[in-house]
Amino acid sequence: MLSACVDKPSTLERIKEDGVLRVITRNSPATYFQDRNGETGFEYELVKRFADDLGVKLEIETADNLDDLFGQLGKPNGPVLAAAGLVSSERRKQQVRFSHPYLEVTPQIIYRNGQSRPTNAADLAGKKIIVLKGSTHAEQLAELKKQNPAIEYEESDAVEVVDLLRMVDEGQIDLTLVDSNEVAMNQVYFPNVRVAFDLGDASNQSWAVAAGEDNSLLNEVNSYLDKVGKNGTLQRLKDRYYGHVDVLGYMGAYTFAQHLQQRLPKYEKHFKTFAKEEKVDWRLLAAIGYQESLWQPAVTSKTGVRGLMMLTQNTAQAMGVSNRLDAKQSIMGGAKYLAKIKDELDDDIAEPDRTWFALAAYNVGTGHLDDARKLAQKDGLNPNKWLDVKKMLPRLSQKQWYSKTRYGYARGGEPVHFVANIRRYYDILTWVTQPQLEGNQVVEGNLHVPGVNKTKPPEENPQL
Ligand code: BLG
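Everything numeric here is computed off the predicted structure, so don't read it as measured data.

In this section: the overall build of the protein. Looking only at helices and strands, one finds 19 helices and 12 strands in the protein. At 25 Å, the protein has a C-alpha radius of gyration in line with the 23 Å of a compact globule built from 464 residues. If one aligns the C-alpha atoms of the protein with their principal axes, the spans along those axes are about 75 × 60 × 40 Å. Counting across all 464 residues of the protein, residues that qualify as buried make up 54%. Partitioning the intrachain contacts of the protein with sequence separation of at least 6 by distance along the chain shows that 69% fall at a separation of at least 24. Entry remark: accessible area of the protein is about 21700 Å², with carbon and sulfur atoms responsible for 47%. Put simply, the protein has 58 plus and 62 minus side-chain charges, and the middle of one group is 7 Å from the middle of the other.

Below, the structure is given as structure tokens:
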């Protein structure tokens, strides 16, 4: 047995010896949740790469609330690292040690569209406000209340940030205070949620380790975070989780959230039925439907392609669709066609690229896609990688290139945008259909849209 005076292994040595990194986080869309492929989330993806770098297994634990999280972190034989969207504060620094920052966030007061917009701290008086218990936001409000005792707020440890946003969206509370990254992520889900104003300066999210003298893990964490900051990994994760509004634009995000409430529920069961039949993910089909028609069954493109899944006359005929404007038939045809072209792709194309190739073929046809793959091969690129082939597709609209291909001219830029947009919608649909967002109605993979069936939907925007 080792005596106490023998050098104890450092935390880092212990992690490597055990082969396990134990991390505590919160179960929320911005941190950690389950999706179509298992565990995911911004924090999860960042910390999983860290565990991979260390060559150890990652073990995730989730805390019930923030107090629980900080309590667990200090415990002997408890988790050694917290990766949970934590902002460092003076109070917290007495309890834990924070890493270098990885994400800048701004606390934002959130109100409901249609209500009067608060513009400064004094406007918070007389409003029903709830924030997370033990959060830096609760600390901020406590400070404000010292100067302005009329401000009343409640702290809750029974909710997550998405619940707070839902409560504002549905009008159950007037205001909440959450970080800007959470707003960015959830704007596509809660159409009535609006930013009133930034409360205070930007702060930084960091990981935390327990208080103490042993810096081995903290140093390792810091060099890892510095590395992913420099090599672009961190930026890619930020774009993927928080870039929806940047990519869709504010109006796009707002429109998507509205359509999610007003249109998708009408077609959800058809997407599910035919996705199951054709063994594809229903959310992928739904994402195609959104890209094609914004979930509208009666649209016709300039080129005469029609319906919710935008089938050409030929495709419709081949898939047994007699009426392209019938949503159910259109979805059936789209699902069959997607499965068929995916199946017919070269065996050398592996997932996930296989799915992106199938989407491109859905839009531009397999002939042109093959031409682009051949161009990739000629250029020394990999014809089985979407990243390479998508560089070649736009060449199909330039004579110097298409004149030498088998199928000739195509608007090759279109499938590149098509695939990029669908991947974005697919990502969003994946996390809005996961159980954490479904309030008390936890039904795996079902879309529970807040407010639906409770209020009459406003006029639909017929604009494509
Ligand atoms: C696709 C067909 C493919 C066809 C390609 O066109 O339609 N896909 C479907 O019908 C689902 O079958 O490939 S081919 O049969 O090998 O030739 C190429 O012809 C549809 C595309 C066309 C596109 N939307 C689905 O993505 C479209 O409507 N483009 C026109 C846009 S606009 O009106 O000019 O703005």
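As a further point, take the sheet that holds strand β4 (residues 57–62). Judged by pairing direction, the sheet is mixed, and its five strands sit side by side in the order β4-β1-β5-β12-β6 without closing on themselves. The open sheet terminates on both sides in strands that have one partner only, identified here as β4 and β6 (96–105). Between one strand axis and the next, the sheet turns by 25° as a mean value, whatever way the strands run. Judged from the seven bridges that link them, β6 and strand β12 (residues 203–210) form a sheet pairing that is antiparallel. Looking at the pairing, Pro-101 lines up with Ser-206 of β12. Contacts between helix α3 (residues 66–74) and the sheet are confined to β1 (20–25), β5 (81–87), β6 and β12, with β5 contributing the most and set at about 145° to the helix.

Right, let's talk about helix α14 (residues 327–344) for a bit. What sets the pattern is the α-helix's 3.6 residues per turn: residues three or four places apart point alike. With 18 residues, α14 should cover 26 Å at 1.5 Å per step; its first-to-last C-alpha distance of 26 Å lies within 8% of that length. The complete set of buried residues in α14 reads Ala-327, Ser-330, Ile-331, Met-332, Gly-333, Gly-334, Ala-335, Tyr-337, Leu-338, Ala-339 and Ile-341. Packed against the buried residues of α14 are α11 (264–278), α12 (282–293), α13 (313–318), α15 (353–364) and α16 (366–378). For α14, the side-chain oxygen to backbone nitrogen distance between the N-cap and Lys-328 is 3.1 Å, and the N-cap itself is Asp-326.

Across the sheet, which stays open at both edges, the three strands sit in the order β10-β7-β11 with antiparallel pairing between neighbours. On the outer flanks of this sheet lie β10 (176–179) and β11 (193–198), each paired with one strand and no other. Neighbouring strand axes in the sheet, compared pairwise and without regard to direction, differ in orientation by 45° on average. Two strands pair when backbone bridges link them, and strand β7 (residues 107–112) and β10 are joined in this way by four bridges, in the antiparallel orientation. Its bridge partner lying in β10, Pro-107 is registered against Asp-179. Running over the sheet, helix α5 (residues 136–147) touches β7 and β10 and is turned about 130° from β10. In the packing of helix α6 (residues 161–169) onto the sheet, the strands contacted are β7, β10 and β11, and the crossing angle to β10 comes to about 135°.

The next thing to look at is the site of the ligand. Taken together, 18 residues sit near the ligand, with Glu-292, Thr-312, Thr-315, Tyr-337 and Tyr-362 positioned nearest. In this structure, a nitrogen atom belonging to the ligand sits 3.3 Å away from a side-chain N or O atom of Glu-414. A total of 730 Å² of accessible area belongs to the ligand in isolation, and the protein chains cover 73% of it. No other element matches the three residues that α15 contributes to the shell around the ligand.

This brings us to the packing of α12 against helix α19 (residues 413–432). Relative orientation of the contacting elements α12 and α19 amounts to 130°, with a least axis distance of 8 Å. Relative to α19, the element α12 lies oblique. The handedness of the crossing between α12 and α19 comes out as right-handed. Contacts from Arg-283, Leu-284, Ala-286, Ala-287, Ile-288, Tyr-290, Gln-291 and Glu-292 in α12 reach Phe-418, Asn-421, Ile-422, Tyr-425, Tyr-426, Leu-429 and Thr-430 in α19. Looking at side-chain class alone, the contact of α12 with α19 contains 10 nonpolar, three polar and two charged residues.

This next bit is on the side chain of Glu-45. Note on placement: Glu-45 falls in helix α2 (residues 42–54). Within the structure, the side chain of Glu-45 is placed 3.1 Å from the side chain of Arg-240, a separation counted as a polar contact. Excluding its chain neighbours within four sequence positions, the residues that come into contact with Glu-45 are Thr-40, Leu-237, Arg-240 and Tyr-241.

Attention now moves to empty space enclosed by the protein. Under the counting rule described, the total for this entry stands at three cavities of 30 Å³ or more. Forming the boundary of the largest cavity are 21 residues, of which Arg-26, Gly-85, His-137, Val-161 and Asp-179 lie nearest the centre. Contributions of two or more residues to the lining of the largest cavity are made by β5, α5, α6, β10 and α7 (180–186). Among the elements that take part in the lining of the largest cavity, β5 stands out by supplying four residues, more than any other. Its boundaries defined by the atoms lining it, the second largest cavity holds a volume of some 70 Å³.

Membership of the largest hydrophobic core comes to 129 residues, with the highest contact counts inside it found for Leu-21, Leu-46, Leu-81, Trp-207, Phe-256, Phe-271 and Trp-295. Top element by residues in this core is α19. It accounts for 10 residues. Setting aside anything within four residues of it in sequence, one finds Trp-295 in contact with Phe-256, His-259, Leu-260, Arg-263, Leu-264, Tyr-267, Phe-271, Ala-286, Gly-289, Tyr-290, Leu-308 and Leu-429. Leu-144, Ile-151, Leu-175 and Leu-177 belong to the second-largest nonpolar core, a separate cluster that totals 14 residues.

What counts as what
- All residue numbers refer to position in the chain's written sequence, counted from 1.
- For this predicted model, a pLDDT threshold of at least 70 governs which residues receive local features, and a threshold of 80 or more governs which side-chain atom pairs are given and counted, while totals over whole chains, interfaces and linings are taken from all residues.
- Excluding hydrogens and water, the side-chain figures rest on all heavy atoms present in the structure.
- Where helices and strands are cited, they refer to DSSP runs of H or I of at least four residues and of E of at least two residues respectively, numbered from the N terminus.
- Taken over C-alpha atoms, the radius of gyration is set against a globule rule of 2.2 Å times the number of residues to the power 0.38.
- When a residue's accessible area, from a 1.4 Å probe over protein chains only, is under 20% of the maximum for its type it is buried; when over 50% it is exposed; and in between it is partly exposed.
- Any two residues whose heavy atoms approach within 4.5 Å are treated as being in contact.
- Only the protein chains shown count as cover for residues, with accessible areas throughout obtained via the Shrake-Rupley method and a probe of 1.4 Å.
- Under this rule, positive means Lys or Arg and negative means Asp or Glu; His and the chain ends count for nothing.
- All charge positions are set by atom: Lys at NZ, Arg at CZ, Asp at CG, Glu at CD.
- For two strands to pair, DSSP has to find at least two bridges joining them.
- The convention used is that axes are lines fitted to C-alpha atoms, helices contributing only their stretch in contact, and that angles between N-to-C directions extend from 0 to 180 degrees.
- To estimate how far a helix should reach, multiply one less than its number of residues by 1.5 Å.
- The term polar contact refers here to a pair of N or O atoms within 3.5 Å; inside protein, the definition further demands a hydrogen-donor-capable atom paired with an acceptor-capable atom, and it admits residues adjacent in sequence only when both atoms are side-chain atoms.
- One heavy atom within 4 Å of a molecule or strand makes the whole residue count as near it.
- For classification purposes, angles smaller than 35 degrees are called roughly parallel, those larger than 145 roughly antiparallel, those between 65 and 115 roughly perpendicular, and all remaining angles oblique.
- Handedness of each helix crossing follows the sense of rotation of the near helix against the far helix: counterclockwise by less than a right angle gives left-handed, clockwise gives right-handed.
- We call Asp, Glu, Lys and Arg charged. Ala, Val, Leu, Ile, Met, Phe, Trp, Tyr, Cys and Pro are nonpolar, and the rest, Gly among them, are polar.
- Within this scheme a cavity is a closed region of a 1 Å grid, computed over the protein atoms alone, that accommodates a 1.4 Å probe without allowing it to escape, whereas a pocket is open but has protein on both sides within 12 Å along at least five of seven lines; lining residues each have an atom within 4 Å of a point.
- Grid points are joined across faces, edges and corners, and a volume is the space filled by probe spheres set on the points.
- What is meant by a nonpolar core is a set of buried Ala, Val, Leu, Ile, Met, Phe, Trp, Tyr and Cys residues, joined one to another through side-chain atoms within 4.5 Å.

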